[in-house]
Structure formats: C-alpha cells, structure tokens
Amino acid sequence: MKKQWRYSCLPVLVIGAALTASSAFAQSVDTARIEAGGQNDWLTYHGSYKSYHYSPLAQINPSNVSNLGVAWIHIPGRSTRGLQSMPLAADGVLYYTGSYSRTFALNGATGEVIWSYFPELDEALIARQTHSPYNRGAAIGEGKVYVGTMDGRLIALDMKTGKVMWDTKLIDSQKLTVGFTGAPLYAKGTVVIGAQGGEWPGRGPIFGVDAATGKKKWEFLTVAGTDDAMKTWGNDSWRTGGGGGWMPGTYDSETNTVLWGTANPAPLYDWSGADYKTQGARPGDNLYTTSVIALDMDTGKLKSFHQELPHDAWDFDSAVGEFVMLDRDGQKYIVHPNKSGYIFVYDRSLGVKNVWRITQNSNFVKDIDPKTGELIGRRDFSAGKVSEPLCPHISGGVSWNSGSYNPKTGLYYKLGQEWCMTLEVQKTTPIVAPQAQLNIGADFKIAPPPGGEIYGHLDARDPITGAKKWEVRFPEPPLGSVLSTGGNLVFVPDSRGTVHAYDADSGAELWSHGDGTGHQGGIISYAVNGKQYIAVVAGFGGMASDDYAPTFGGVYKSMPRDDGALVVYSLR
Amino acid sequence: MRLAWKITTLSMPALAALLTISTLPSRGQQSTPPAPENEQIDVGQLFATTCGWCHSDGGRAAGKGPQLMDTKRDDDFIRNRIKHGKEGAMPAFGATFSDAQIEEIIRYIRALKPHEG
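These numbers come from a predicted model, not from an experiment.

Moving on, we get to the overall build of chain B. Check the secondary structure of chain B and you find five helices and two strands. Along chain B, helices and strands appear, N-terminal first, in the series β-α-β-α-α-α-α. In chain B, which comprises 117 residues, the share counted as buried stands at 38%.

Of regular secondary structure, chain A possesses six helices and 38 strands. Here the C-alpha atoms of chain A give a radius of gyration of 23 Å, agreeing with the 25 Å that 2.2 N^0.38 yields for 572 residues.

Attention now moves to the interface of chain A and chain B. Facing 40 residues of chain A, the contacting portion of chain B comprises 34 residues. Elements that contribute at least two residues to the side of chain A that touches chain B include exactly α3 (123-128), α4 (173-176), β14 (216-221) and β29 (442-447) of chain A. Of the residues belonging to the side of chain A that touches chain B, the class tally is 15 nonpolar, twelve polar and 13 charged.

Residue and element names in this part refer to chain A. With respect to the element layout, Y54 can be found in strand β1 (residues 54-55). Y54 sits 349 residues away from G403 along the chain, and the two C-alpha atoms are 9.4 Å apart. Among residues more than four places away in sequence, those in contact with Y54 are G47, S404, Y405, N406, P407, S484 and T485.

With respect to the element layout, P389 of chain A can be found in the loop between β25 (384-385) and β26 (404-406). As a C-alpha pair, P389 of chain A and F364 of chain A span 25 residues in sequence and 9.5 Å in three-dimensional space.

Residues and elements named next belong to chain B. For the pair helix α4 (residues 75-84) and helix α5 (residues 99-111), the least separation of the axes is 10 Å and the interaxial angle reads 125 degrees. Taken together, the axis directions place α4 and α5 in an arrangement best described as oblique. Once α4 is placed against α5, the crossing between them reads as right-handed. Between α4, through D75, I78, R79, I82 and K83, and α5, the contact on the second element is made entirely by I102, I105, I106 and I109. Among the residues forming the contact of α4 with α5, the class breakdown is six nonpolar, no polar and three charged.

Residue and element names in this part refer to chain A. Sheet analysis places strand β19 (residues 324-328) next to strand β20 (residues 331-337), joined by five bridges and oriented antiparallel. For D327, the partnering residue across the bridge sits in β20 and is K332. Between β19 and β20, which pair antiparallel one after the other, the connecting turn spans two residues, and D329 there sits at a positive phi close to 50 degrees. Judged from the four bridges that link them, β20 and strand β21 (residues 342-346) form a sheet pairing that is antiparallel. Each bridged residue has a counterpart across the sheet, and for I334 the counterpart in β21 is Y346. If you look at the hairpin formed by β20 and β21, you'll find four residues sitting between the two strands, and G341 has a positive phi there, around 105 degrees.

Turning to the nonpolar core, a few remarks are in order. Within the largest apolar cluster, 172 residues are counted, with the highest numbers of intra-cluster contacts made by L88, Y95, A138, I140, Y146, V191 and F491 of chain A. Counting residues per element, this core draws most heavily on strand β37 (residues 531-538) of chain A, at six residues.

Okay, the sheet that holds strand β3 (residues 88-90) of chain A next. All names here are of chain A. One open sheet holds the four strands; their spatial order is β3-β4-β5-β6, and the pairing between them is antiparallel. Single-partner strands in this sheet number two, and they are β3 and β6 (113-117). Mean inter-strand twist for the sheet, computed between neighbouring axes without regard to direction, equals 15 degrees.

Here we take up the environment of A263 of chain A. Residue and element names in this part refer to chain A. Positionally, A263 belongs in the loop between β16 (257-261) and β17 (291-296). Residues A263 and G179, 84 residues apart in the sequence, show an inter-C-alpha distance of 14 Å. Among all residues touching A263, those that are not within four sequence positions of it are G197, G198, G204, G242, G243, G244, G245, W246, T289, D317 and A319.

All names here are of chain A. Strand order in the open sheet made by the four strands is β2-β38-β37-β36, with antiparallel pairing throughout. Since the sheet does not close on itself, it has two edges, and those belong to β2 (68-74) and β36 (523-528), each with one partner. Mean inter-strand twist for the sheet, computed between neighbouring axes without regard to direction, equals 30 degrees. The sheet contact formed by β2 and strand β38 (residues 565-571) spans six bridges and is antiparallel. Counted as the bridge partner of V70 is Y569 from β38.

Time to look at α5 of chain B. Working note: α-helix, 3.6 residues per turn, so residues spaced by three or four point in the same direction. Between its terminal C-alpha atoms α5 of chain B stretches 19 Å, which fits the 18 Å expected from 13 residues at 1.5 Å a residue. Taken as a whole, α5 of chain B has its buried residues at Q101, I102, E104, I105, I106, Y108 and I109 of chain B.

To continue, consider unusual backbone geometry. Residues and elements named next belong to chain A. With an omega of 0 degrees, the peptide bond between L287 and Y288 qualifies as cis. With respect to the helices and strands, Y288 occurs in the loop between β16 and β17. In this structure, P392 follows C391 across a cis peptide bond, with omega equal to 0 degrees. Mapped onto the fold, P392 is located in the loop between β25 and β26. At N256, a position not held by glycine, the phi torsion is positive, near 55 degrees. Although it is not a glycine, D315 adopts a positive phi angle of roughly 55 degrees. Turning to its location among the elements, D315 is positioned in the loop between β18 (302-307) and β19.

As a further point, take the confidence of the model for chain B. All names here are of chain B. Here chain B shows a mean pLDDT of 71. Residues at 70 or above account for 64%. Per-element confidence in chain B ranges from a low mean pLDDT of 33 for helix α1 (residues 12-19) to a high of 94 for α4. Across residues 1-39 the pLDDT falls below 50, and counting only partners more than four positions away or on other chains, this stretch makes 64 contacts in the model. Two summary scores accompany this predicted model of the complex, namely pTM at 0.89 and ipTM at 0.71.

The rules behind the values
Residues numbered from 1 in each chain as written. Chains lettered and ligands numbered in written order. Predicted model: local features only at pLDDT ≥ 70, side-chain atom pairs only at ≥ 80, totals over all residues. Helix = DSSP H or I, 4+ residues; strand = E, 2+ residues; numbered from the N terminus. Buried ≥ 20, exposed ≤ 12 C-beta atoms within 10 Å, placed from the backbone. Rg over C-alpha atoms; globule rule 2.2 N^0.38 Å. Contact = placed C-beta atoms within 7 Å. Nonpolar A, V, L, I, M, F, W, Y, C, P; charged D, E, K, R; others polar. Axes fitted to C-alpha atoms, helices over the stretch in contact; angles between N-to-C directions. Parallel < 35°, antiparallel > 145°, perpendicular 65-115°, else oblique. Left-handed = near helix turned anticlockwise from the far one by under 90°. Pairing = 2+ DSSP bridges. Core = buried A, V, L, I, M, F, W, Y, C linked by C-beta atoms within 7 Å. Expected span 1.5 Å × (residues − 1). pLDDT = per-residue confidence, 0-100.

Right under this line is the structure:
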C-alpha cells in the first residue's frame, strides 16, 4: 500500500511541476537567466551567452533514442530559400522565425499556435535582393521577441500576444539594398543586430538598440569605423565597403562586452597580387572586416579586436557567430571559427592563444601561426586565371551555422566542409554605389579537392588544441547547426534531409530520421512538463545549398527551395 | 579572348539609378560621389561582379543558376527573367538596367563560347 501511495502521488507532483513549467511567461527572460542557460529552455540563438549549443537535458539518451519520433510539425508557409533559423524556447513556449521574418509562438508540447506575426515588408525591395528573404532567428528578453527584417527594421513583439511594441528603421535598405537576416542578441537592456554587408558598398553597421523603447543607442561601422581603420583602406577604397555582421555574436557579462564576427570586404577577390598593402582594389588590411571585435555593450565603442584574415582576398570572413566561452585550468578562452576552416582560440581580450584547422583541403594560406595568428604563405591573386584551385570553396570550410560544445565530454562537435573552386580574378571598376548589388571580382566554379571528392565531416575535437577524437563523414557537406546534450548525444541535421543522433563519446550512429527536405538551420532541445523535445528546422535553398543540385544531383534535383517545416521530436 | 561587351547607351532613369547618391541616416551609411557620366558598363565585368555568383564561369557553366552559354531560352524569356527575377532564385534587375543594357546582356549571353584551351 505504501508503495502504491507513493506511485499515485507521483502524478500529482508531476502535474504540479507541469503547471509550473507550462505557466508560460511566468518568469521574465533577463540577462541573468540567459547567462545561466537553464535546464529546460533555449533563451538565445547560441543557447546561452556561452555559445555552447548544448542542452543539459538527459531524458533522451543512448538507451532510448531509438524510440525518438515526431511529436508535432509546424509549417510556417512561404519558406522561400528554405528555413534557416534557430528556434528559441522559454517556459514551455517555442518561438521561431521563417522567411520574410514570419514569427511564431507555439505551445512547445503540442505545436498549437499561440500567436503569429507576419510583418508587412517592402516586397519590391526584397525582389531586388540576392541574399534574401530568409531569416535566421529572433531574440527574447524583457517580455519581448525581437526580429530583424530584410527592409532594414528591427521589430519588438510582445512575448504574450505578438503585438508590435516598437518598430525601428535602422538601415535605408531602399538605398543600400541590404537588410537584416541574422538573429539579434539581447543582453542588459540592449538589442544588438548586425547588417548584411560583404558584397555591398555600405559600411556594414552593427547596432545597439534600447530594448524598452526601440531607440538606437549606438552604431559601429565594420568598414573604416575608426580613424585608424580608415587608414587601412588605400585610395578611398572604403567606399566599396563590405563588412557587416550578419550573424549574432554573444555577450561577456564579466566585462560588459559584445563579441561579434564581421564579414568580408568588397570585392571578394582582389587583383592586387602579393603587394596588397599598396595595390589592387582595396589596398591595405581593410579593418574591421573579417575580424572579431569586442564592443562596449553600453556605448558600442571598440574595446579590442583581432583581424583573423588581414586583407581577406578569399571571402573567408569572420561572420560566424559562435564565441564558445571556456574555462580551463584557470584560463578563460574564447573559441571562434573562421569561415576558412581555421578555428581561432583567444583569451577574453581577443589575444590569440592558438589556431587550429578543421579542414583537410586548404590552400589559401600555407598555415596560420598558432602563436600569433599571422598568415603564413598567403595566396594573393593577380588578375587572370588562378592555376591551382582555391580551397576551400566560397561556401567555406565551415558554415555560418554553429557547432556544439559539450561540457560533460569536453568535446567540441563541429562540421567541416571539403570542397574547392576554380577561379579567374577580374580587375573590375570600383562599385561605390549600390546598383546590381554584388561585387565579387571573379568568375568561379565549384570543384572537388585535388585527388578526391567533395565531402563533409562531423568532428569531435578538443576545442582548445584541436585534437580529434572521432570523425563521421557525409557524402555532401551538412550545412545545419549541431546540438549536443546531457544525454550524451550529438544531433546533426544533414543536407539530404536526415537527422542523425550519435554517441557523444564514440561517434557511433544511434538513430536517424528523415525530415523530407534538406537542413540548413538550427536545432535545439527544451523541455515542457518534464518531457524533453528536439526541435529542428528543415527547408533547403540559399547561397550555399543552391549549389547542391547542379553539383551532387540525386535527391537535390527535386528538393524544393521554397518549402520548410519545423519538426519536433520526443520519445514515443 | 575574354568577351567585353560595353554598354554605352544608358537610359536616363537607369543612369540615375546607377549614379544615385545615397542619402542615408548617418555618417556611417553615407554614400559616395556620383560616378562620371560617361561611365561604361562591361557585361563581362558584370558577370564577374554580380551574375557569376550563380551563373558560373561567366555564364559558361551551371552554378546556383543555369548555364547561360547555348541556352535554349528565347530572348523574351531571358529579358523577362532579368527584369523581374524569380522569387527565391534570382533578383529582379528591372530597376537597375535599362532596356538597352538588358539587350547588351542578352547579346553577351548569345556570344558566349567555351574558354580557349
């Protein structure tokens, strides 16, 4: 009897816990809560300010992952160029965005729509844009959901109702053609969002906006944003611009610092030859493009920076948003992947502590000095056909999507991409006003690595040293984000449309399931009413994935580039 | 030998669009002085700056977009696609290029040949 009583009491306790957990909006989401990360939630793009893309939830684990099945699906509609966003979860509610900045709040257990918001956008402008109309996510904090738009606005929605609280125009997108595709970052009363840049003749601003009022607090220019930086653009080449910070970085509360990665200068490929300091399209180092920057959260003033690739002549930018914050042996580290496939390890002031490489095929430099970060044996092209294919391909040695650090295993799970490109660099007339949008500076074509085939790989590595524990290969590079969990699992949504679960210690595949279309966005875990869920966005199409059909054929030939779904899994 | 179709006859609206000085909300987004009025546009360069992101190798090979060399599409189709684009695949360039410029682009496409050697 006593035993029976205990069991019969359990549902009451569970119900109590469930009521607590499901009483949505019971707690406000603030800086301290995002910092802590929380057991059941996913409160910011990178999971927490530590950028681990890790959930401590362990209900789903190697012993039962074979019972993982679809709990519910949500179709956002109008998924032009697929779904690329990172869902968020707070107090039992899942928030996510789709193309055209469509924003949803859903019951995390059932998928029931609590509210939705479809902003009215400048459709004529969006029809002129190349890197559009996908959206890579939202931020939450102070009772609001924040989302950027392709026509240059940052919008705050009431978390409970979806009602617009403020709508701030930050960029004149009609003039510049660029807007916001990346998720914002919320911290300490400020919403930070970076503009597109890279290929356009703007100055790639990053904005700090008052979370309460929507008023702009500061703006930092990633192209010649200081007097010193202006000197690194010879012949007034800052006018051809580029830069930007189109993926969300993170916040270091100990120093009240925003950490952000910046995009490449324009044109992407320069004809300078070796004397890039004085010759070519943009003589000099081109600060602060292809850099990691530390800004004061309150003022936007530059505190420190490291330019990962001075005078980036390969479009291997630093826009990847991961800043993995680690403590080891009394030292504090930041791990940041560069698009080239080199992974930079910094101290908290962005001093270089180590550099390691995740790709096998790389020849834009011979190496990067692990002690100083200096590029060794860089290839600076002159106009004309480049004799040896450039590796990696323009889509990078790593995607803009994120890896995952698991504090239980101490391993960093990160995808690498092995592909190259043929290239003919062209001397072009400077593009200093937006016209036909892009400014590439070369004709190019995707190519396999020398002596091999294109492939991708999931690596389990020490994040500081780069030492590899195991690797899983894929016939086509996966482009989505990686999730690891306290259940000793690593989830990879691949390009063919299959979600894989691997043993975090060994890399053994334990489970897989088809989502019906390719992945190129986020994956998270959260819990509602004591039940763990895995949420992943599916939907292919965009600047990297559009190469898959002509390059790989097969399933990619019929894969839609205007469709997508949020698929949520739980134990059956 | 690289193709270099020059566009020399800019319509006034297109010229205005190309030479527009951005009146932007801050120093950070200030734009630049206008280009000279006699600026020419080289369609080969246009592919190297813009079109080649999707139409590889100057339009000679398929990339994100189709191969343009030896395309079976007729001029009306190409003209319409350049002007209006294709949602999620190709931007609309109707506000950027004049009709005369678009005809030059079509002539460039029709003249595309494989690289020598």
